[in-house]
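One letter stands for each residue in the lines below.
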Amino acid sequence: MKQKHRSSIRNTTKAAPKQAVAGKAAPVVKQAAAKPAARPAIERNANQSVSRALAILDLLAGNQADMGVRDIARRLGLAASIAQRLIRTLAEAGYVEQSAETQRYRIGFMAYRIGQVYVAANDLLNLALSEMRQLSDRHGLNAFLGVLRDDRVVYLAATQSNGPITIRNLPGSTTHLHTTALGKALLFDLSEAEILQRLGKPPYARLTRHSITTQQEFLANLAAARSQGHALCDEENLDNVYAFGAPIRDSSGQCVAAMSAALPRNLVDPAKLPGQIELMTQATRRISQKLGAPAWALK
């Protein structure tokens, strides 16, 4: 975490005027406004290096393929020499590692270790993974867990069924709010003003021909989702993917995460779909109960 640096204020007050001559008013002397000294260059450089190193880790975490130094530098708008120095430091600490065959870089074991510590300490994730595996292993549904961060959904976990949909949403990756069942469920508790602020100015991104791109249509879709207790995504994010999601609530009753389940659109059976949605919503209720959610929040 960055620490604010408070430097001493340089006294720029001019010397007091000489005593006024008899019969004449003493001249008015203006005092210069005190200005805080600029942060030392060493601190600015350190903060910039930390930010750039974190950007490299974030970039590598979001790419399944290994990346070369020049590619990393180009994607982040850095000089190749700066990227090389930062990557070397990260590699020495174990946060990135280099392939012996390609000389390209990927996330290292220390980043994985930190992630595992987070998983072990996170009740939400541990509780959700058990439910998600049931949905995938027993009921053939891909399951996803996500949280709301600014204007995006951040995936915390995903479980793969034996169906034809291949999961490409790695933990830590992000997706849109308006095109996913997860995103819609995460917006359940927000006011209209908060929702529109997070969505930004319309038209919203069109990812498929079914994507909702207007405020009016999205708000109507979300209102229907709230009334039925779960959100739907009918090929709005990916072609031939049908998904449904619901919020997960904590001891305060507030939405802290959401879970969704997905299956191929061409395999949706109208007779079975209500039961599959109920399986997912029951899972979110059980997780919420274990997190201490009050009874009124589970209705």
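On a predicted model such as this, the values are computed, not experimentally measured, just so you know. (Residues numbered from 1 in each chain as written. Predicted model: local features only at pLDDT ≥ 70, side-chain atom pairs only at ≥ 80, totals over all residues. Heavy atoms only, no water.)

A short note on the overall build of the protein
Part 1 of the argument: Tallying secondary structure elements over the protein gives nine helices and eight strands in all.
Part 2 of the argument: Each of the 299 residues in the protein was classed as buried or not, and the buried ones make up 37%.
Part 3 of the argument: Put simply, 55% of the contacts in the protein that link residues at least 6 apart link residues at least 24 apart. (Helix = DSSP H or I, 4+ residues; strand = E, 2+ residues; numbered from the N terminus. Buried < 20%, exposed > 50% of the residue type's maximum accessible area, 1.4 Å probe, protein only. Contact = heavy atoms within 4.5 Å.)

Considerations on the pattern of salt bridges
Part 1 of the argument: Counting across every chain of the model gives eight salt bridges.
Part 2 of the argument: Lys184 is the partner of Glu236 in a salt bridge, and the nearest nitrogen-oxygen pair spans 2.7 Å. Separated by 52 residues along the polypeptide, Glu236 in the loop between β6 (231-234) and β7 (241-249) and Lys184 in helix α6 (residues 181-186) bring together distant segments of the chain.
Part 3 of the argument: Among the residues examined, Lys184 registers a relative accessible area of 0% and is labelled buried.
Part 4 of the argument: The partner of Glu278 in a salt bridge is Arg285, and the shortest N-O contact between them spans 3.5 Å.
Part 5 of the argument: Overall, Arg285 belongs to the partly exposed group, its relative accessible area being 33%.
Part 6 of the argument: Via salt bridges that share partners, Asp66, Glu97 and Arg106 belong to a single interconnected network. (Salt bridge = Lys/Arg side-chain N within 4 Å of Asp/Glu carboxyl O.)

The values are spatial; any link to function lies outside them.
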